[in-house]
Amino acid sequence: MSDHKRIVHFGIGAFHRGHQAYYLQKLNEQLPEPERWYYTSINLRAETSEIPRTLKKQNGVYHFKRIAPNGEAEYIRIESIDHIEDASSDLSSVARVFSCKNVKALTITVTEGGYYLNDNDALNSDHAEIQHDIDVIRHAIGQPKTLYGYLAVALLARQKLADGAITVATCDNLRNNGNRLENAFKQFVLLTGNDILLNWISDNVTFPCSMVDRITPVPPTNNLVDDVLKATGVSDACPIMGEDFEQWVIQDTFATEFPPLESVGVTFTQNVHAYEEAKIRILNGAHFLLSYVGALRGYVTYDQNVRDPELFEWLREYHQNEVIPTIYDRPFDMEDYRSTILSRFGNAYIADSIERIAMDSISKFPQFVLPTVRLNLERGYIPDAATKLIAHWFAFLSLFVQKRFSFNYKDSYLNVAENWIAQSDPIAAFINDPDIWQGLNQRFPLYGEKLAEEIRLTLESYQERYP
């Protein structure tokens, strides 16, 4: 590694390369060489090791095709990742990296399921993979399977430094993500029996909340490689693409130095919640719900949803009648933000796949959609658009589980939907699921009845297409 100050990132996916590494590239272009920051990116999973291997052959350099809704593209050379490790094949690399005094922060991108939280928002300590990692850390033998195991390995190494304070910044769509990671990770460390590490973390590690936003789809690789070669003359085996919108809002609670990213558009604030609430409910909620209607209608990319007049109207109703009226802390103009999102959703040049957006829906629903339903019911308003869209989500899962509908759907919690469908009354099983609804349909039983009827009508409407 170079002698520059640096950040570490767990995982080397497209979003990291199109978001955090992109912002660091922008920053470095403003800084003299000695003041630049660089990323060490660490792969954690054997099944994702191909990209790190390829990227390492290119010394971490790759191209980012940044595309506007009108199709205009720029090709940005990203050089901010100058060191790559693969912890899935060499766990010792984690300790080596975090033993470097120039490392000041760790960024992490986790799916909702990757937090292993139970319905009380605590660590699901009974999960087999969590149990496995507790044993790995307790006995210092074996390979971790979860974020918590790898993070413990990192901080055990960090603890040995005289000045090892470090910021651990989550970069994902989970509400209150930093606080939730901190609480769950401290529960994990407590279960390993390492009280010394637990006390050190309390004194030396901060977990700022953040909100991140950029669509970075996974395109046909050969096409993108050809595009980059044609535009730049460079043969790049692992380019990425993404939209021309980017946003990063992070709580300015840092344990030590952090790159001055505010100079390239990152927002440092103590009120991350207001930004994440608007983004998760206006963007992620709509992205989530509309994807299942599009899938059932045979659409492949998300922009096809937006060009469907009926779905466009449902989206407008959902945003303007149900989401925006229940966002009470507004850090920016909601209607302008909604218009920007519609433009992004309709970007045919991004061609974001419905398959990508639709995955892992069962853990996403309570985060992305349930708050909108709850806040509307609490103000005495029936969210008709949300109800129609939720009915399509259930129909999607029902038809998929029954193998009446073919789709490349991945969900680590699919067994939950399979359990609904196995019941004598699958709709009732869904509506009464406490993890999904968190008691809402018990508080508002008439809404449960309305949703049940909407689901029945929706399933009937697809009977002929998916017999």
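Residues numbered from 1 in each chain as written. Predicted model: local features only at pLDDT ≥ 70, side-chain atom pairs only at ≥ 80, totals over all residues. Heavy atoms only, no water.

If you check an unreviewed UniProt entry, the chain appears there as D-arabinitol 4-dehydrogenase from Enterovibrio nigricans DSM 22720.

Caption draft 1: Structural detail: the side chain of His287. On the secondary structure map, His287 appears in helix α10 (residues 272-296). In this view, His287 contacts Ile215, Tyr302, Phe345, Asp352, Arg356 and Ile357; residues no more than four positions away in its chain are not counted. (Helix = DSSP H or I, 4+ residues; strand = E, 2+ residues; numbered from the N terminus. Contact = heavy atoms within 4.5 Å.)

Caption draft 2: Main features of the layout of surface pockets. Each pocket or cavity is described by its volume, and for the second largest pocket that value is around 860 Å³. For the lining of the second largest pocket, the secondary-structure elements that each account for two or more residues are α15 (361-368), α16 (370-378), α20 (434-437) and α21 (440-443). Looking at the lining of the second largest pocket residue by residue, the classes come out as 14 nonpolar, nine polar and 10 charged. If you count residues domain by domain, the lining of the second largest pocket takes at least three from each of domain 1 (5-269) and domain 2 (273-462). (1 Å grid on protein atoms, 1.4 Å probe; cavity = no way out; pocket = protein on both sides within 12 Å on 5 of 7 lines; lining within 4 Å. Points joined across faces, edges and corners; volume = space filled by probe spheres on them. Nonpolar A, V, L, I, M, F, W, Y, C, P; charged D, E, K, R; others polar. Domains from an automatic or database assignment.)

Caption draft 3: Inspection of the pattern of salt bridges at higher detail. Under the criterion given, the structure shown has 31 salt bridges. As a salt-bridge pair, Lys104 and Glu257 come within 3.8 Å of each other at their nearest N and O atoms. You can see Lys104 sitting in strand β6 (residues 103-108) and its partner Glu257 sitting in the loop between β11 (247-251) and β12 (267-269), a full 153 residues away along the chain. Classification of Lys104 as buried rests on a relative accessible area of 14%. Note that Arg443 and Glu378 form a salt bridge whose closest N and O atoms lie 3.1 Å from each other. One end of the pair, Arg443, is in helix α21; the other, Glu378, is in helix α16, and 65 residues separate them in sequence. Judged by its relative accessible area of 49%, Arg443 is partly exposed. What you see here is one network of salt bridges that share partners, running through Lys26, Arg66, Glu74, Arg214 and Glu246. (Salt bridge = Lys/Arg side-chain N within 4 Å of Asp/Glu carboxyl O. Buried < 20%, exposed > 50% of the residue type's maximum accessible area, 1.4 Å probe, protein only.)

Caption draft 4: Region of interest: the nonpolar core. Grouped together as the largest cluster of nonpolar side chains are 68 residues, with contacts concentrated most on Ile390, Trp393, Trp420, Phe430 and Trp437. Ranked by size, the runner-up nonpolar core spans 44 residues in total, among them Val110, Tyr116, Leu151 and Ile166. (Core = buried A, V, L, I, M, F, W, Y, C linked by side-chain atoms within 4.5 Å.)

Caption draft 5: Highlighting the UniProt feature "domain: Mannitol dehydrogenase C-terminal" (unreviewed entry) in the chain. This chain's UniProt record puts "domain: Mannitol dehydrogenase C-terminal" (unreviewed entry) on residues 271-443. With 69% helix and 0% strand, residues 271-443 has its two end C-alpha atoms placed 30 Å apart. (UniProt positions renumbered as here; feature names shortened; annotations may be inferred.)

Caption draft 6: Representation of helix α22 (residues 445-461). An ideal rise of 1.5 Å per residue puts 24 Å on 17 residues; α22 measures up with 25 Å between its terminal C-alpha atoms. Of all the positions in α22, only Tyr447, Gly448, Leu451, Ala452, Glu454, Ile455 and Thr458 are classed as buried. All buried residues of α22 lie within an arc of 165° about the axis, which places them on one face of the element. Residues Leu446, Glu449 and Glu460 are exposed on α22 and point more than 90 degrees away from its buried face. The elements touched by buried residues of α22 are α16, α17 (384-401), α19 (426-431), α20 and α21. (Expected span 1.5 Å × (residues − 1). Arc of directions from axis to C-beta.)

Caption draft 7: Representation of the domain arrangement of the chain within the structure. By the assigned domains, the chain splits into domain 1 (5-269) and domain 2 (273-462). A separation of 29 Å is found between the C-alpha centroids of domain 1 and domain 2. Contact residues are listed per partner, giving 28 residues for domain 1 and 26 residues for domain 2. For the pair domain 1 and domain 2, the two sides together bury roughly 2400 Å², of which 55% comes from carbon and sulfur. (Buried area = accessible area lost by both parts, 1.4 Å probe.)

Caption draft 8: Summary view of the pairing of β6. When you tally the buried positions in β6, you get six out of six residues, the bulk of the element. Inspection of the sheet shows strand β1 (residues 5-10) paired to β6 by five bridges, in the parallel sense. Bridge assignment links Val8 to a residue of β6, and that residue is Leu106. One ladder, built from four bridges, connects β6 with strand β7 (residues 166-170); its direction is parallel. Considered in β7, the bridge of Ala105 is made with Thr167. (Pairing = 2+ DSSP bridges.)

Caption draft 9: Expanded view of the environment of Arg6. When you line up the elements, Arg6 lands in strand β1. Along the primary structure Arg6 and Tyr39 are separated by 33 residues, whereas in three dimensions their C-alpha atoms are 5.5 Å apart. A distance of 2.9 Å separates a polar atom in the side chain of Arg6 from a polar atom in the side chain of Asp82. (Polar contact = N/O pair within 3.5 Å; in protein donor to acceptor, adjacent residues only side chain to side chain.)

Caption draft 10: Structural view of unusual backbone geometry. Residues other than glycine seldom take positive phi values, yet Lys403 does so here, at roughly 60°. By the secondary structure assignment, Lys403 is in the loop between α17 and α18 (414-422). Positive phi is not limited to glycine here, since Gln438 has a value of about 50°. By secondary structure assignment, the location of Gln438 is in the loop between α20 and α21.

Caption draft 11: Here's a closer look at the pairing of β11. Of all five residues in β11, five are buried; the element is thus mostly enclosed. Burial along β11 is two-sided: the residues Gln247, Val249 and Gln251 and Trp248 and Ile250 are all buried. Two strands pair when backbone bridges link them, and strand β9 (residues 210-213) and β11 are joined in this way by four bridges, in the antiparallel orientation. Residue pairing in the sheet places Ser210 in a bridge with Ile250 of β11. Relative to β12, β11 runs parallel, the two being bridged by three bridges. Considered in β12, the bridge of Gln251 is made with Thr269.

Caption draft 12: Structural view of empty space enclosed by the protein. Evaluation of the coordinates by the stated rule reveals two cavities of 30 Å³ or more. A volume near 40 Å³ is recorded for the largest cavity. If you trace the largest cavity, you find it lined by Ile215, His287, Tyr302, Asp303, Arg344, Phe345, Asn347, Ile350, Ala351 and Asp352. Broken down by secondary-structure element, the contributors of at least two residues to the lining of the largest cavity are α11 (302-306) and α13 (334-345). Considered as a void within the structure, the second largest cavity measures approximately 30 Å³ in volume. Lining the second largest cavity are Asp172, Asn173, Leu174, Asn177, Ser210, Met211, Glu276, Lys279 and Ile280. Here the lining of the second largest cavity takes three residues from α10, the largest share from any one element. In terms of residue class, the lining of the second largest cavity is built from three nonpolar, three polar and three charged. If you count residues domain by domain, the lining of the second largest cavity takes at least three from each of domain 1 (5-269) and domain 2 (273-462).

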